[in-house]
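Inside the fold
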Amino acid sequence: MALNPESELASVMGRGDEGPNIQLAEKICKTKDGPAVKLLMSLLGHKKTAVRNDVIKVLYEIGTRKPDMIIPYAKDFLALLHHKDNRMIWGAMNAFSAISEFKPELLAKDLPSILDAMDSGSVITRDHGIYILCNVSRIKKHHEDCMELLLEQIEKAPVNQVPMYAEKTAEVISKPFISRFKKVLQARKDVYSIESKKKRLEKLIRNLKES
């Protein structure tokens, strides 16, 4: 019997938690139900905000488990970066984050749109943008550009996000960028003024090897 994913969404079931949405994502992944994913994509335009919110949740939960199931819809997620609803924007970025771990080359050409979303979006949107940049940076021909972009993001990131962004960047940084990376971090006096964040940055810098 074919799965009807709409009937299993949290809001349709009268639930106020994300449990049904996560369970639905797990069920679709387990059965590799491509038609269910296609139907969910069509529901992203639903008139009810609650349904749209549930759908994007299910889709990026599918992405974290089986990114290959949402890869065919990358262009649809890209279109969501211009949505009026911020939930759709950071949900799409979450999906892109999952895709970038599996197929980072698919997103390299869309970095300008992703950066625009990061600049105007929420903290969650920026967080996923950092994950995407780090994953795309693993591709040799895009590494330098992504390093430059990551350093720019750290320069202007909110204080609370800097340590995490720095730690993610440190995972993919190459030796030619380490000296600048250190300078960018040390220039963030606002971050160093908070003892817990200062300790994280100092530990990270100590572990960086330039030679």
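All of these numbers come straight from a predicted model, not from anything done at the bench.

1. Examining the overall build of the chain
In terms of regular secondary structure, the chain is built from twelve helices and zero strands. Mapped from its N terminus to its C terminus, the chain presents α and β elements in the order α-α-α-α-α-α-α-α-α-α-α-α. Taking the principal axes of the C-alpha coordinates as reference, the chain spans close to 60 × 35 × 30 Å. Relative to all contacts within the chain whose residues are 6 or more apart in sequence, the contacts with residues 24 or more apart total 65%.

2. Details of helix 2 (residues 34–42)
Listed in full, the buried residues belonging to helix 2 are Ala36, Val37, Leu40 and Met41. Buried residues in helix 2, looked at end-on, bunch into an arc of 140 degrees, giving them a common side. When the buried face of helix 2 is taken as reference, the exposed residues oriented beyond 90 degrees from it are Pro35 and Lys38. Taken together, the buried residues of helix 2 touch helix 1 (19–31), helix 3 (49–65) and helix 4 (74–80). Capping the start of helix 2 is the job of one residue whose side-chain oxygen sits 3.1 Å from the backbone nitrogen of alanine 36: aspartate 33.

3. Here we look at the packing of helix 6 (residues 111–120) against helix 8 (residues 140–156)
It is at 13 Å that the axes of helix 6 and helix 8 come closest, and there the two elements cross at 5 degrees. With respect to helix 8, the axis of helix 6 lies roughly parallel. Contacts between helix 6 and helix 8 involve Leu111, Leu115, Met118 and Asp119 on the former and, on the latter, Cys146, Leu149, Gln153 and Lys156. Here the contact of helix 6 with helix 8 is composed, by residue class, of five nonpolar, one polar and two charged.

4. Remarks on the nonpolar core
Ranked by size, the top nonpolar core spans 71 residues in total, and within it Ile28, Ile62 and Phe77 carry the most contacts. By residue number, the principal contributor to this core is helix 5 (residues 86–102), which donates eight residues. Not counting residues up to four positions away in its chain, the partners in contact with isoleucine 28 are Leu3, Asp33, Ala36, Val37, Leu40, Val58, Ile62 and Met69.

5. Here's the deal with the packing of aromatic side chains
For the coordinates displayed, the defined rule picks out two aromatic pairs. Note on tyrosine 60 and tryptophan 90: the rings are 6.2 Å apart at their centroids and 45 degrees apart in plane angle, and the pair reads as tilted. With a gap of 30 residues between them, tyrosine 60 in helix 3 and tryptophan 90 in helix 5 connect regions that are remote in the sequence. For tryptophan 90, a relative accessible area of 17% translates into the label buried. Centre to centre, the rings of phenylalanine 77 and phenylalanine 96 are 6.5 Å apart; their planes meet at 70 degrees, and the pair counts as edge-to-face.

6. Some words on the side chain of aspartate 85
By the secondary structure assignment, aspartate 85 is in the loop between helix 4 and helix 5. The class of aspartate 85 is buried, set by a relative accessible area of 17%. Each residue touching aspartate 85, except ones within four places of it in the same chain, is listed here: Thr49, Arg52 and Asn53.

Calculation criteria
Residues numbered from 1 in each chain as written. Predicted model: local features only at pLDDT ≥ 70, side-chain atom pairs only at ≥ 80, totals over all residues. Heavy atoms only, no water. Helix = DSSP H or I, 4+ residues; strand = E, 2+ residues; numbered from the N terminus. Contact = heavy atoms within 4.5 Å. Buried < 20%, exposed > 50% of the residue type's maximum accessible area, 1.4 Å probe, protein only. Arc of directions from axis to C-beta. Polar contact = N/O pair within 3.5 Å; in protein donor to acceptor, adjacent residues only side chain to side chain. Axes fitted to C-alpha atoms, helices over the stretch in contact; angles between N-to-C directions. Parallel < 35°, antiparallel > 145°, perpendicular 65-115°, else oblique. Nonpolar A, V, L, I, M, F, W, Y, C, P; charged D, E, K, R; others polar. Core = buried A, V, L, I, M, F, W, Y, C linked by side-chain atoms within 4.5 Å. Phe/Tyr/Trp six-rings, centres within 6.5 Å; stacked < 30°, edge-to-face > 60°.

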